[in-house]
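Chain and residue survey
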Amino acid sequence: MLDEVEAERGGRAAMSVTQREAARAYAGLAVELAKLHAAMAGGQNVDLEALGQIGDRMDRQARRMGSPKAPEREGVRERYARRRP
C-alpha cells in the first residue's frame, strides 16, 4: 500500500519528510479500514463510528501528502521512435 501511495506522488525521493510520514499513516489507516470492511462483509458487527473516524483521518493524511501526480505522457516523438525498426 505504501509503495503505491508513494508512486502516485512521484516516488519516495520526490516527497518531503512530511509527505512521507503522511503516506505511512495513510497506508496504515487504509489497512485498518480494509479489515473493518472485510469484517462487515463477513456479517460481523462493526463500530461505524470507528469506520468514520478512520475515513476522516485518511482524508487528513491525504491532504498532507498533496495531490497525486499525473503520469508523464509519452510524446509523439517517443512513440514514433519506438515504432521505427
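Residues numbered from 1 in each chain as written. Predicted model: local features only at pLDDT ≥ 70, side-chain atom pairs only at ≥ 80, totals over all residues. Heavy atoms only, no water.

In terms of regular secondary structure, the protein is built from 4 helices and 0 strands. The linear arrangement of helices and strands in the protein, starting from the amino end, is α-α-α-α. Computed over the C-alpha atoms, the radius of gyration of the protein is 18 Å, more than 25% above the 12 Å expected from 2.2 N^0.38 for a compact globule of 85 residues. For the protein, the spread of C-alpha atoms along the three principal axes comes to 60 × 30 × 15 Å. Burial status across the protein gives 21% buried among its 85 residues. (Helix = DSSP H or I, 4+ residues; strand = E, 2+ residues; numbered from the N terminus. Rg over C-alpha atoms; globule rule 2.2 N^0.38 Å. Buried < 20%, exposed > 50% of the residue type's maximum accessible area, 1.4 Å probe, protein only.)

Counting across every chain of the model gives 5 salt bridges. With its nearest N and O atoms 3.2 Å apart, the salt bridge here joins arginine 12 to glutamate 6. When its relative accessible area of 47% is taken as the criterion, arginine 12 is described as partly exposed. For glutamate 6, a relative accessible area of 7% gives the class buried. (Salt bridge = Lys/Arg side-chain N within 4 Å of Asp/Glu carboxyl O.)

So, about the side chain of arginine 9. Examined against the element boundaries, arginine 9 turns out to sit in the loop between helix H1 (2-8) and helix H2 (17-41). Under the relative-accessibility criterion, arginine 9 is labelled buried at 8%. Among the polar contacts listed, one links the side chain of arginine 9 to the backbone oxygen of valine 5, at a separation of 3.5 Å. In terms of polar contacts, arginine 9 uses its side chain to reach the side chain of glutamate 8, at 3.0 Å. Setting aside its immediate chain neighbours within four residues, arginine 9 contacts Ala14, Met15, Ala62, Met65, Gly66, Ser67, Pro68 and Lys69. (Polar contact = N/O pair within 3.5 Å; in protein donor to acceptor, adjacent residues only side chain to side chain. Contact = heavy atoms within 4.5 Å.)

This part takes up the nonpolar core. In terms of nonpolar packing, the biggest core is built from 6 residues, these being Leu29, Ala30, Leu33, Leu51, Ile54 and Met58. Secondary structure elements with two or more residues in this core: H2 and helix H3 (48-65). The residues contacting alanine 30, other than those within four sequence positions of it, are Met1 and Met58. (Core = buried A, V, L, I, M, F, W, Y, C linked by side-chain atoms within 4.5 Å.)

On average, residues of the protein carry a pLDDT of 90, and 93% of them reach 70 or more. Confidence scores differ between elements of the protein, with helix H4 (residues 76-83) showing the lowest mean pLDDT of 77 and H2 the highest of 96. (pLDDT = per-residue confidence, 0-100.)

Over its 18 residues, H3 extends 26 Å from the first C-alpha to the last, a length consistent with the 26 Å expected when each residue adds 1.5 Å. Considered for burial, the residues of H3 that qualify are Leu51, Ile54, Met58, Gln61 and Met65. Buried residues of H3 fall within an arc of 90° about the axis and therefore sit on the same side. Projecting away from the buried face of H3 at angles above 90 degrees are the exposed residues Leu48, Glu49, Asp56 and Arg63. (Expected span 1.5 Å × (residues − 1). Arc of directions from axis to C-beta.)

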